[in-house]
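Structural overview
Spelled out, the chains give:
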Amino acid sequence: MSYFTLLFWFINAFFALFCAPLLAALHPTSATDINDKQCRLDVFHLFKNDQKQYESKLQLAMITDKLHRQRYIAIKADINHPSGFENISYYRSGQPIEIFTANWRKNGNKHSVTRLVMLGGASDKQAFDVFTKLVEQDNGHFEIKTSGNRYRFNAEKQDLTDFFSCIQQREK
């Protein structure tokens, strides 16, 4: 067996044992839904469950609705998330930048949902404007902190480009 054959075999074995399982487990960290009615960017916080499979523990959606002229930030969490008011901090480099308020409600037996407003405010549009500006400045890599939990988000570059292009088209 030649040196190159042995090296080739070793590289293939290494890839099969260590790299292929990682590639198979990759999940999207963001998604867009862009059409003539809305611009929507969903960003997912992923974690590994007990079966070593990735799940979304928290989903954040930035939504503009052309039909109803709305824009808001919606968040979906698992059903065990406590109901009621909670402050959510937007973090950059480990420091809080902005604080939002959420009023969590149960959505049947599926999950808990909320919309963000600025701390002390009542406008989801204002929260959308501030939040999306922060996400754009941070290139989709940001962290939010709720009562004792931190969630990191990493939006795909193409999803960010598509979403912000859609918003700019709507503003014209």
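Here's a quick rundown of the structure.

Rules used throughout
- By convention here, each chain's residues receive numbers from 1 onward along its written sequence.
- Local features in this predicted model are restricted to residues of pLDDT 70 or higher, and side-chain atom pairs are both shown and tallied only at a pLDDT of 80 or more, whereas totals for entire chains, interfaces and linings draw on every residue.
- Note that water and hydrogens are dropped before the side-chain values are worked out from all heavy atoms of the structure.
- When DSSP finds at least two bridges between two strands, those strands are taken to pair.
- Starting at the N terminus, helices and strands are each numbered in turn, a helix being any DSSP run of H or I of at least four residues and a strand any DSSP run of E of at least two.
- Any Phe, Tyr or Trp ring, taking Trp's six-membered ring, that has another such ring centre within 6.5 Å forms a pair; planes under 30 degrees apart are called stacked, those over 60 apart edge-to-face, and the others tilted.
- Only protein chains enter the accessibility calculation, which uses a 1.4 Å probe. A residue is then buried if its area is under 20% of the maximum for its type, exposed if over 50%, and partly exposed in between.
- Charge-over-ring contacts are defined here by two conditions on Lys NZ or Arg CZ: a distance within 6 Å of the ring centre and an angle within 35 degrees of the ring normal.

Once that is clear, we can look at the pairing of strand β3 (residues 54-65). By the bridge criterion, 11 bridges tie strand β2 (residues 38-48) to β3 in an arrangement that is antiparallel. Bridging from a neighbouring strand, K48 pairs with Y54 of β3. In textbook terms, the turn of a hairpin is the stretch between consecutive antiparallel strands, and for β2 and β3 this stretch comprises five residues, one of which, K52, has a positive phi near 65 degrees. Bridge count between β3 and strand β4 (residues 70-78): eight bridges; the pairing is antiparallel. Bridge assignment links A61 to a residue of β4, and that residue is A74. A loop of four residues connects β3 with β4, the two strands running antiparallel in sequence, and R69 in this loop sits at a positive phi of about 50 degrees.

By the definition in use, this model includes six aromatic pairs. Taking the centre distance of 5.4 Å and the plane angle of 10 degrees together, the rings of Y90 and F142 count as stacked. Residue Y90 is located in strand β5 (residues 84-92), and its partner F142 is located in strand β8 (residues 141-145); the two are separated by 52 residues in the primary sequence. With respect to burial, Y90 and F142 carry one shared label: buried. Judged by its relative accessible area of 5%, F142 falls in the buried class. By way of ring pairs, the aromatic residues Y90, F100, F131, F142 and F153 are connected into one cluster. The ring of Y72 has R115 lying over it, and the distance from NZ or CZ to the ring centre is 3.5 Å. The positively charged end of R150 is found above the aromatic ring belonging to Y91, 4.5 Å away from the centroid.

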